[in-house]
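Structural description and commentary
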Amino acid sequence: MLTEPGDVLDVGTGSGALGRYLRQQDGRLIDGLTYNQAELERAQPFYRQIWLADLTQPQALDVLGERRYRYIVCADVLEHLADPETVLAALTKRLAVDGELVISIPNIGYAGVLAELLAGEFLYRNEGLLDRTHLRFFTRKSLLRLLDGAGLGATQWHSVVRPLPWSEFAPKYLDHLPPQVQRYLCAREDAHAYQFIVKAALGVDTTLQERLAPQNAPHFMAQLYWSTAAGDASFAEAASVRAFGIAGLGRQTLRFELPAGLAPLQALRIDPADRPGALELFSVRLRAQDGTVLWQWQPRDGGIDALGGMQRLPATHGEQAAFFAVFDEDPWLVLKLGQQVAAAMIEIELSWPQLPEAEVLAQAQRLCNAELARLGAESAHYRQKGAHYRQVAAWYRQEAARSSEEVVRNREEASAMAAQLRQQIAAQSEFLEHMKAQNARDLQSMQALQEELAHARGMLQGVRASKLWRLGRWLGLTKISL
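The model shown is predicted, which means the values in this text are computed figures rather than measured ones.

1. Overview of the side chain of aspartate 271
- Along the polypeptide, aspartate 271 turns up in strand S11 (residues 265–271).
- Aspartate 271 gets classed as buried once you look at its relative accessible area, which sits at 4%.
- Among the polar contacts made by the side chain of aspartate 271, one reaches the side chain of arginine 269 at a distance of 2.9 Å.
- Residue contacts for aspartate 271: discarding those within four places in its chain leaves Ala222, Gln223, Tyr225, Asp330, Pro331 and Trp332.

This is how it looks when you write it as structure tokens:
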């Protein structure tokens, strides 16, 4: 905001951060005021001159002599003063003809403060919006009144946004409020503005202040992970980007800028919320650098590969949105692209992750009613099926009776066949007995022949052993060889 050349007075130098920055940027001459000797010694190298001054004292600014400044900066100072009106009026007298004040001040209307207050909590902390040393608290309107009381009008207004999860205030206080109260708080002006930075000057038309529209800001965080390798189910923190959505806005588009030169994507993991609640997912689009849609997902496409910390329910808008019940603060879902996509930006269209108990119960009731209607239709269908099955059962009973008759007939035929087989078995047994007797007779005949053969062998042995046989053989008179 210090866009014009000219001297600067830093009211409340702290450790000298502003002086060091301005000297490094453009060598601008800057003076400083501080109430603390230790801070003065640390900051002194970065300032042309620096003075000890207690702003609670009436003549504190006399140390400046007749100096006038193009810019006077009060960075997080006025909230520490019991009488900032008097100090601001005194500072305006130290402005040059074209001089301006630059003020930064905490916003007590921040949603985190209001949610805690509605929960009965107002906890001072060592730093932040409820710093223990803060004596005064301001909203946009009360800060404008403060400026007006000093004859100043705002020429520029910037709201420093800090999403609730990144602040010192727990989101649970907001989440546990009734849904109507949640929506009201989040839709208020400056609900997510953590701090105001205002440039003001003397003699400004105060109607301009009415045209300084408040900034509604992100309130919940979503995170997108990507995988560039096929079959890789790990999603590293380094391969992720974040985006912030606006709490209270029913349908919105979050845009995730991807790093330049990123390899083509294979799969996405989407962490769509940072709190439990009810969430609707309408679409996911991957765009090229020129905005061309390269790939998109819609609820009717299916394709959700895995879920964690959330469960998909029947959609509230038919096929327009996938409806999820989110159970914890780190829900996720995985989409496989089915192809390689070299995208530069990813758009996710979704609702804010509210926690509306009444709406969830109403949705559950609608689901129950739909289920009852479905069961009623199924019951009528099954009654028709029952009549058909009774006809089928009668046919089976007729077939069973016919089968029983066949069984009786088959039993009689089997009995006749069994009698015939018994006769055949008896005849075969008689034949076997005959054969056994014949075998016995043959065995006796064989034994008699063996005895006769043994006797013949004995007689032949006797002939061979006789002297007459041997003499005949020796004289060659015997021609028979035994």
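2. Concerning the packing of aromatic side chains
- Applying the stated rule across the entire model yields seven aromatic pairs.
- On the numbers, 5.5 Å between centres and 85 degrees between planes, the contact of phenylalanine 122 with tyrosine 124 is edge-to-face.
- On the basis of an interplanar angle of 80 degrees and a centroid distance of 6.3 Å, the ring pair of phenylalanine 122 and phenylalanine 137 is categorised as edge-to-face. Pair noted here: phenylalanine 122 is in the loop between helix H4 (111–118) and helix H5 (140–149) and phenylalanine 137 is in the loop between H4 and H5, with a separation of 15 residues, a long-range link.

3. Notes on helix H3 (residues 84–92)
- Along H3, the residues classified as buried are Pro84, Val87, Leu88, Leu91 and Thr92. Buried positions in H3, seen along its axis, are confined to an arc of 140 degrees and lie on one side of it.
- For H3, the secondary structure elements touched by its buried residues are strand S1 (8–11), strand S4 (69–75), strand S5 (95–106), H5, strand S6 (152–161) and strand S7 (193–202).

4. Side note on the environment of serine 15
- Tracing the sequence through the fold places serine 15 in the loop between S1 and helix H1 (17–26).
- Accessibility expressed as a relative area gives 40% for serine 15, which makes it partly exposed.
- Discounting residues that sit within four places of it in the chain, serine 15 has contacts with Arg20, Arg42, Ala43 and Phe46.

5. Re unusual backbone geometry
- Of note in this structure, aspartate 76 is not a glycine but carries a positive phi near 55 degrees.
- Among the structural elements, aspartate 76 can be located in the loop between S4 and H3.

6. Quick word on the nonpolar core
- Among the nonpolar cores identified, the biggest contains 47 residues, and Leu224, Phe256, Leu268, Val284, Leu286, Ile346 and Ile348 are the most heavily contacted of them.
- Filtering out sequence-adjacent residues up to four positions away, phenylalanine 256 remains in contact with Ala222, Gln223, Leu224, Val241, Arg242, Ala243, Ala344, Met345, Ile346 and Ile348.
- Core analysis: the next-biggest nonpolar cluster, separate from the first, contains 35 residues, Leu55, Tyr69, Leu95 and Ala193 among them.

Criteria and cut-off values
- Residues numbered from 1 in each chain as written.
- Predicted model: local features only at pLDDT ≥ 70, side-chain atom pairs only at ≥ 80, totals over all residues.
- Heavy atoms only, no water.
- Helix = DSSP H or I, 4+ residues; strand = E, 2+ residues; numbered from the N terminus.
- Buried < 20%, exposed > 50% of the residue type's maximum accessible area, 1.4 Å probe, protein only.
- Polar contact = N/O pair within 3.5 Å; in protein donor to acceptor, adjacent residues only side chain to side chain.
- Contact = heavy atoms within 4.5 Å.
- Phe/Tyr/Trp six-rings, centres within 6.5 Å; stacked < 30°, edge-to-face > 60°.
- Arc of directions from axis to C-beta.
- Core = buried A, V, L, I, M, F, W, Y, C linked by side-chain atoms within 4.5 Å.

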